[in-house]
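The lines below spell out each chain.
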There are 2 protein chains.
Amino acid sequence: MSERLVVIGGDAAGMSAASQARRRRPADDLRIVAFERGQHASYSACGIPYLVAGDVGDVDDLIARRPEEFRERQQIDLRLGSEVLAIDTDRREVVVRDAAREYHEPFDQLVIATGGTPARPEVPGAVLAGIHGVQTLDDGIRILGYLDRHAPRRAVVVGGGYIGLEMAEAMLRHGLDVTLVDAAEQPMRTLDPDMGALVALALEREGVGLRLGERLTGFAGRAGRVTAVHTTAGEIPADIVILGLGTRPNSGLAAAAGIDVGPTGGIRVDRRMRTSVAGIWAAGDCVETLHLVSQRPVAVALGTHANKQGRAIGINIGRGYATFPGVVGTAVSKVCSHEVARTGLTTAEAEAAGFSTYSVVTESTTRAGYFPGARTIKTKIIAERTTGRFLGGQIVGQEGAAKRIDALAVALWHGMTVEEMTALDLSYAPPFAPVWDPILIAARKAAEKLTDDR
Amino acid sequence: MSERLVVIGGDAAGMSAASQARRRRPADDLRIVAFERGQHASYSACGIPYLVAGDVGDVDDLIARRPEEFRERQQIDLRLGSEVLAIDTDRREVVVRDAAREYHEPFDQLVIATGGTPARPEVPGAVLAGIHGVQTLDDGIRILGYLDRHAPRRAVVVGGGYIGLEMAEAMLRHGLDVTLVDAAEQPMRTLDPDMGALVALALEREGVGLRLGERLTGFAGRAGRVTAVHTTAGEIPADIVILGLGTRPNSGLAAAAGIDVGPTGGIRVDRRMRTSVAGIWAAGDCVETLHLVSQRPVAVALGTHANKQGRAIGINIGRGYATFPGVVGTAVSKVCSHEVARTGLTTAEAEAAGFSTYSVVTESTTRAGYFPGARTIKTKIIAERTTGRFLGGQIVGQEGAAKRIDALAVALWHGMTVEEMTALDLSYAPPFAPVWDPILIAARKAAEKLTDDR
């Protein structure tokens with residue numbers, strides 16, 4: 001008798017799991033039904049700011065695979081506009097509502113891939129028109145429509161994280177006056193403040209007005225449309241507002257079904273992505289995962305993790321063996337002509353995790369100094385006192401800077417010390433690096449500082 | 001009483017050692033004399049093709065530090081135009097010849113950094129004018145002078161390695177007709193032939209004529225100047241010839257002094273860069289080093305290794321502790337609009353080292369497929385059968401492709417398996433990578449192939 005797999009959530013994590021399971025088990029062995037609340041499945045949410053900016057010309061470009069492809073080529077019964085209201089772990093079924101009806105769908109295996117819930121500020125005026133989140137493809141389409149219809153002149157972006165900065169750039173590209181509001185003293189809280197300050201400087205140079213250290217207190221409007229943002233420091237006129245306040249794991253459905261949720265609010269899973277209930281798996285922005293440096297659970301909303309986790313589930317359901325061992329906290333972003341990347345723990349995160357840290361910041365160039373197109377790159381290395389264990393790296397620079405974070409991410413994966421890192425055999429040629437790669441310079445400086453301190 | 005340090009060779013390895021030793025020991029504790037045969041010290045030899053191409057406008061740009069800087073700021077007695085003729089390990093002195101005289105210079109510590117000797121073909125006509133090696137800064141200056149004076153139309157580059165390809169591009173940039181001759185079936189012998197074929201294709205598209213599988217047999221000339229290159233397949237007209245036949249370690253001086261030379265022809269050193277004679281160190285293109293994957297000695301002529309090795313010596317002479325553990329064979333090059341990189345062992349090298357291998361080649365893009373500027377990148381992964389141990393990686397692509405080799409180099413450093421590599425937390429954002437980085441795609445394909453074969 002064939003098994004029944006139900007997937008909740010038709011995006012990266014859910015559809016990766018479904019596809020991978022299908023590759024390993026034919027339709028007569030595994031029946032797959034996937035429920036997606038929205039009208040789009042399997043799209044690149046990370047691409048939305050670039051759609052708004054105009055880098056990506058067509059909504060369809062962000063759609064990795066069309067629903068028909070899943071249905072016809074993979075015999076995955078993908079049902080759009082179908083919201084799962086409840087999971088019954090005893091009866092092994094989910095309750096589904098679509099435009100027409102409410103019904104029960106039984107499962108043997110269940111994949112929960114319900115994604116994240118964007119943080120919405122609970123302040124007066126938050127329901128005014130012109131205030132936009134940036135989570136779904138529909139959000140992106142709505143923003144483009146609003147720009148088109150209302151030709152706003154002044155944009156306020158609330159939240160200086162990755163999405164906030166990418167959206168600030170997108171608004172600049174539409175010729176708007178852009179102001180960025182963040183409660184912290186520097187944008188990009190995933191960096192140390194000194195590296196965040198470099199990002200702030202870059203934003204100012206691009207013409208973004210910064211209102212840092214200001215907390216959002218509300219919105220003002222006229223005729224139902226936003227006209228101003230209120231912060232602890234005053235009023236900022238706004239014809240359009242973009243919210244980039246981050247997301248939290250959308251784990252309510254799982255929690256209501258008695259599935260364990262961890263301290264981050266994400267669904268608890270083991271290395272194979274199994275939840276606390278047998279036969280129920282979870283992946284993507286709704287789960288928490290192990291941070292391999294702090295050894296603590298973290299909830300990281302990133303498409304790349306969602307894909308890997310979904311794939312691991314698909315292999316496991318497909319009678320293979322696959323794990324997702326955790327993350328080291330790697331992230332990268334482009335902000336106008338600047339590139340920003342980080343991996344591991346910030347100084348504050350490391351100290352909170354019980355490490356005693358020190359750090360170095362070095363400045364170098366992306367190519368040999370004499371080579372055309374050489375750009376400035378600043379690299380920060382955070383390491384453990386006494387042992388010199390590498391704990392985190394941060395990069396702010398221009399073209400060619402950010403992808404260097406990957407070498408640091410692999411070094412971190414292996415618990416290298418900064419001294420060991422100075423010997424790494426990284427590639428060198430004048431168009432690609434100075435004879436000492438910026439990463440090696442930073443590691444060397446960190447190793448020297450450790451020796452000096454001894 | 002102060003110690004006397006003598007350095008033979010005033011380039012990357014030698015001057016790194018001298019500078020680092022000086023940082024740790026003042027002039028009254030350590031007297032440093034450095035002998036350089038040529039008229040330039042501490043320059044970027046890797047930059048010469050870019051000087052010839054015109055990317056680097058001024059010879060001085062390639063000079064990292066001027067002789068006066070060493071003399072005045074660091075009290076390093078750098079003597080240009082001074083050739084060391086012999087090392088007497090018993091009397092602890094070297095025999096030096098300069099324009100004026102021949103003399104003996106005593107040492108307590110000696111650093112041998114004599115570099116590499118370019119392979120010169122022993123064929124008829126090799127002494128004709130217009131045939132140029134590309135090793136020293138003077139070679140670069142001579143080539144520019146020859147281009148200027150004789151306005152050659154047709155260039156033949158002999159040797160399809162890194163230098164050969166970079167010089168082919170440089171000749172194209174001067175508007176010459178360029179033909180590349182290589183005895184192998186594909187250029188870039190440091191790649192597997194299938195990846196080398198991609199480089200060949202790129203070269204042809206750029207307008208380079210390829211004469212592959214042809215061995216150089218001689219040169220023809222008129223009035224002392226080269227007019228043609230002869231190969232096993234015929235004659236190629238040439239107004240200028242560039243030799244890119246690689247180098248071998250210049251270890252003759254060391255060998256004559258009874259210092260151990262290894263099977264590669266490079267001076268044998270331990271992890272701290274000590275030769276077989278106490279108090280005598282060696283670094284740079286004249287030494288052999290351990291390949292950490294094959295566990296065999298290799299001689300790799302690369303400025304980045306020379307710098308690291310020299311620095312390690314300087315720290316050790318400076319009463320610190322430093323090692324150069326070896327290399328994993330990382331290299332990168334730009335050929336017109338293409339980028340080429342490799343790390344680890346090729347299939348042939350791995351088989352020769354006793355591994356039973358398999359490989360995969362994947363094609364992907366440098367950015368999310370929908371993001372402007374996404375370019376093709378082909379990645380090859382070579383792994384060990386049965387265990388899936390990662391043995392080597394090769395990348396051929398366009399802008400943004402090559403530096404990805406660094407993440408593979410660090411993975412190799414740690415002996416990862418391809419399965420382990422699929423989980424690596426590499427950075428993702430649409431301007432920098434598809435949701436699965438090309439490296440992860442290749443690792444995944446390699447892991448899947450391993451499973452399929454079991």
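Starting from 1, residues in each chain are numbered consecutively following that chain's sequence as written. Chains carry letters and ligands carry numbers; both start at the beginning, A for chains and 1 for ligands, and go up in the order they are written. Where local features are concerned, this predicted model is filtered to residues with pLDDT of at least 70; where side-chain atom pairs are given and counted, the filter is 80 or more; whole-chain, interface and lining totals use all residues. Values reported for side chains reflect all heavy atoms of the structure, with hydrogen atoms and water molecules removed beforehand.

A. Seen up close, the overall build of chain A. Think of it this way: any DSSP run of H or I at least four residues long counts as a helix, any run of E at least two long counts as a strand, and we number them from the N terminus. Assigned secondary structure in chain A consists of 12 helices and 25 strands. For 454 residues, the compact-globule estimate of 2.2 N^0.38 gives 22 Å, and chain A sits close to it at 23 Å. A principal-axis box enclosing the C-alpha atoms of chain A has dimensions of 65 × 55 × 40 Å. Relative accessible area decides the class of each residue, using a 1.4 Å probe on protein chains only: under 20% of the type maximum gives buried, over 50% gives exposed, and in between gives partly exposed. Taking all 454 residues of chain A together, the buried fraction comes to 59%. All accessible-area figures derive from a Shrake-Rupley calculation using a 1.4 Å probe, and residue coverage is judged against the displayed protein chains alone. As displayed, chain A has an accessible area near 17,100 Å², and 47% of this comes from carbon and sulfur atoms. Once the 51 positive and 55 negative side-chain charges of chain A are each reduced to a mean point, those two points are 1 Å apart. We compute the radius of gyration over the C-alpha atoms and compare it with the globule rule, which gives 2.2 Å times the number of residues raised to the power 0.38. Positive charges come from Lys and Arg alone, negative charges from Asp and Glu alone, with His and the N- and C-terminal ends not counted. In plain terms, the charge of a residue is placed at NZ if it is Lys, CZ if Arg, CG if Asp and CD if Glu.

B. Highlighting the relation of the copies chain A and chain B. Least squares is used to superpose the copies, and the fit set is the C-alpha atoms of residues whose pLDDT is at least 70 in both copies. Laying chain A over chain B is done by rotating through 180° and shifting 0.0 Å along the axis; what remains is an RMSD of 0.0 Å. Read as a symmetry element, the transformation amounts to a two-fold axis. Across chain A, the smallest distance between a C-alpha and the rotation axis is recorded for Ala407 of chain A, namely 2.1 Å. Interface overlap between copies is the fraction of interface residues in one copy that are interface residues in the other; for chain A against chain B it reaches 100%, indicating a shared surface. Contact criterion: two residues are considered in contact whenever any of their non-hydrogen atoms come within 4.5 Å of each other.

C. Looking closely at the pattern of salt bridges. Only one rule defines a salt bridge in this text: a Lys or Arg side-chain nitrogen within 4 Å of an Asp or Glu carboxyl oxygen. In the structure shown here, the tally under the stated rule is 60 salt bridges over all chains. Here Arg211 of chain A ties to Glu214 of chain A by a salt bridge, and the two come within 2.8 Å at their closest N and O atoms. Close ionic contact of Asp29 of chain B with Arg319 of chain B constitutes a salt bridge, the shortest N to O distance being 3.0 Å. Placement of Asp29 of chain B in the loop between helix H1 (12-24) and strand E2 (30-35) and of Arg319 of chain B in the loop between helix H8 (303-317) and strand E21 (331-335) is noted, with a sequence separation of 290 residues between them. Accessibility expressed as a relative area gives 19% for Asp29 of chain B, which makes it buried. It is possible to trace a salt-bridge network through shared partners that takes in Glu3, Arg25, Asp29 and Arg319 of chain A.

D. Broad picture of the UniProt feature "domain: Pyridine nucleotide-disulphide oxidoreductase dimerisation" (unreviewed entry) in chain A. UniProt positions are given in the numbering used here, feature names are shortened, and annotations may be inferred rather than shown by experiment. In the UniProt entry, the feature "domain: Pyridine nucleotide-disulphide oxidoreductase dimerisation" (unreviewed entry) is given for residues 333-434 of chain A. Here residues 333-434 of chain A runs as 19% helix and 35% strand, with 23 Å between its end C-alpha atoms.

E. Region of interest: the interface of chain A and chain B. With 60 residues of chain A in contact, the opposing surface of chain B contributes 60 residues. Both sides together, the interface formed by chain A and chain B hides about 5,400 Å², and carbon and sulfur atoms give 64% of it. Two parts placed together each lose some accessible area under a 1.4 Å probe, and the buried area is that loss summed for both. For chain A, the biggest contributors to the area lost against chain B are Tyr370, Asp425 and Phe432 of chain A; these three give 15% of the whole. Taken together, chain A and chain B are joined by 6 salt bridges. Two residues, Arg23 of chain A and Glu448 of chain B, come together in a salt bridge whose shortest N-O distance is 3.8 Å. Mapped onto the side of chain A that touches chain B, the elements with two or more residues apiece are helix H8 (303-317), strand E21 (331-335), helix H10 (405-413) and helix H12 (438-453) of chain A. The dominant element in the side of chain A that touches chain B, judged by the number of residues it contributes, is H10 of chain A, at 7 residues. Gly falls in the polar group here, along with every residue not listed as nonpolar (Ala, Val, Leu, Ile, Met, Phe, Trp, Tyr, Cys, Pro) or charged (Asp, Glu, Lys, Arg). When its residues are assigned to classes, the side of chain A that touches chain B shows 33 nonpolar, 12 polar and 15 charged.

F. A look at helix H3 (residues 67-74) of chain B. All names here are of chain B. Turning to H3, its buried residues number three or more, namely Pro67, Phe70 and Gln74. Buried residues of H3, seen end-on, are gathered within an arc of 105° and therefore sit on one face of the element. The exposed set on the far side of H3, more than 90 degrees from its buried face, consists of Glu72 and Arg73. Its buried side turned inward, H3 meets H1 and strand E3 (76-79). In the stretch just after H3, Gln75 is the one whose phi turns positive, near 50°. Taking the helix axis as origin, the arc is that swept by the directions to the C-beta atoms.

G. Representation of the domain arrangement of chain A. Residue and element names in this part refer to chain A. For the domain bounds, the source is a domain assignment made automatically or taken from a database. With domains assigned, chain A is organised as domain 1 (3-116 + 248-317), domain 2 (131-245) and domain 3 (331-453). Just the C-alpha atoms count here: the centres of domain 2 and domain 3 sit 30 Å apart. Interface area for domain 2 against domain 3, summed over the two sides, is near 1,500 Å², with a carbon-plus-sulfur share of 63%. The interface formed by domain 2 and domain 3 holds 3 salt bridges in total. Between Asp192 and Lys380 there is a salt bridge, and its shortest N-O distance comes to 2.9 Å. Identification of polar contacts relies on pairs of N or O atoms within 3.5 Å, with a donor-acceptor requirement for protein atoms, meaning one able to donate a hydrogen and the other able to accept it, and with residues adjacent in sequence counted only if both atoms are side-chain atoms. For the pair domain 2 and domain 3, the number of links is 8 residue pairs in polar contact (both at pLDDT 80 or more). For the side of domain 2 that touches domain 3, the secondary structure elements donating two or more residues are helix H5 (162-173) and helix H6 (193-206). With 7 residues, H6 is the largest single contributor of residues to the side of domain 2 that touches domain 3. Looking at the side of domain 2 that touches domain 3 residue by residue, the classes come out as 10 nonpolar, 1 polar and 5 charged.

H. Fine view of unusual backbone geometry. Residue and element names in this part refer to chain B. In the Ramachandran plot, Gln295 falls in the positive-phi region, its phi being about 60° despite a non-glycine side chain. Looking at where Gln295 falls in the secondary structure, it is placed in the loop between strand E19 (289-290) and strand E20 (297-298). Its identity as a non-glycine residue notwithstanding, Cys336 has a phi of 55°, on the positive side. Among the secondary structure elements, Cys336 is positioned in the loop between E21 and strand E22 (338-344). The buried category is assigned to Cys336, whose relative accessible area is 12%.

I. Main features of the nonpolar core. Ile381 and Met421 of chain A together with Ile381 and Met421 of chain B are the most contacted members of the largest nonpolar core, which totals 86 residues. Residues enter a nonpolar core if they are buried and are Ala, Val, Leu, Ile, Met, Phe, Trp, Tyr or Cys, with the set joined through side-chain atoms within 4.5 Å. Formed by 50 residues, the second largest nonpolar core is a distinct cluster that contains Leu5, Cys286, Ile313 and Ile317 of chain B.

J. Broad picture of the sheet that holds strand E13 (residues 216-222) of chain A. All names here are of chain A. Only strands that DSSP links by at least two bridges are regarded as paired with each other. Spatial ordering of the open sheet is given by E13-E14-E15, a layout of 3 strands whose pairing is antiparallel. Of all the strands in the sheet, just E13 and strand E15 (234-237) have a single pairing partner and so form its edges. Neighbour to neighbour, the strand axes of the sheet diverge by 30° on average, direction disregarded. The sheet contact formed by E13 and strand E14 (residues 225-231) spans 6 bridges and is antiparallel. Helix axes use the C-alpha atoms of the stretch in contact, all axes being lines fitted to C-alpha atoms, and the angles between their N-to-C directions lie in the range 0 to 180 degrees.

K. Focus on the UniProt feature "domain: FAD/NAD(P)-binding" (unreviewed entry) in chain A. This chain's UniProt record puts "domain: FAD/NAD(P)-binding" (unreviewed entry) on residues 4-294 of chain A. Across residues 4-294 of chain A one finds 25% helix and 29% strand; the C-alpha atoms that close the span lie 38 Å apart.

L. Structural view of the sheet that holds strand E24 (residues 376-384) of chain A. All names here are of chain A. Spatially, E21-E22-E25-E24-E23 is the arrangement adopted by the 5 strands of the open sheet, whose pairing is antiparallel. Edge positions in the sheet fall to E21 and strand E23 (357-365), since each of these pairs with one other strand and no more. Averaged over all pairs of adjacent strands, the angle between strand axes in this sheet comes to 10°, irrespective of strand direction. In terms of strand pairing, E23 meets E24 through 9 bridges, oriented antiparallel. Following the sheet pairing, Tyr358 is matched in E24 by Ala383. Its contacts with the sheet place H5 against E21 and strand E22 (338-344), and it is angled at close to 20° to E21.

M. The packing of helix H1 (residues 12-24) of chain A against H8 of chain A, seen in detail. All names here are of chain A. Here H1 crosses H8 at 30°, and the two axes come no closer than 7 Å. Judged by the inter-axis angle, H1 sits roughly parallel to H8. For the element pair H1 and H8, the recorded crossing hand is right-handed. When H1 is examined against H8, the residues Ala12, Ala13, Ser16, Ala17, Gln20, Ala21 and Arg24 are found in contact with a partner set consisting of Gly303, Ala306, Asn307, Gly310, Arg311, Ile313, Gly314, Ile315 and Ile317. Taken together, the residues that form the contact of H1 with H8 break down as 8 nonpolar, 6 polar and 2 charged. For this classification, under 35 degrees means roughly parallel, over 145 means roughly antiparallel, 65 to 115 means roughly perpendicular, and everything else is oblique. Note on convention: the crossing is left-handed when the near helix lies turned anticlockwise from the far helix by less than a right angle, right-handed when the turn is clockwise.

N. Molecular detail of the environment of Gln75 of chain A. All names here are of chain A. Relative to the helices and strands, Gln75 is located in the loop between helix H3 (67-74) and strand E3 (76-79). In sequence terms Gln75 and Val7 are 68 residues apart; their C-alpha atoms lie 14 Å from each other. For Gln75, the residues in contact, after removing those within four places along its chain, are Arg22, Ala27, Ile32 and Phe70.

O. Local environment of the pairing of E21 of chain A. Residues and elements named next belong to chain A. For E21, the tally of buried residues reaches 4 of 5 residues, placing the bulk of the element in the interior. Strand direction decides the pairing type here: E21 and E22, joined by 5 bridges, are antiparallel. Within E22, the residue paired with Ser333 across the bridge is Val340. Hairpin connection, E21 to E22: the antiparallel pair is bridged by 2 residues, and Cys336 has positive phi, about 55°.

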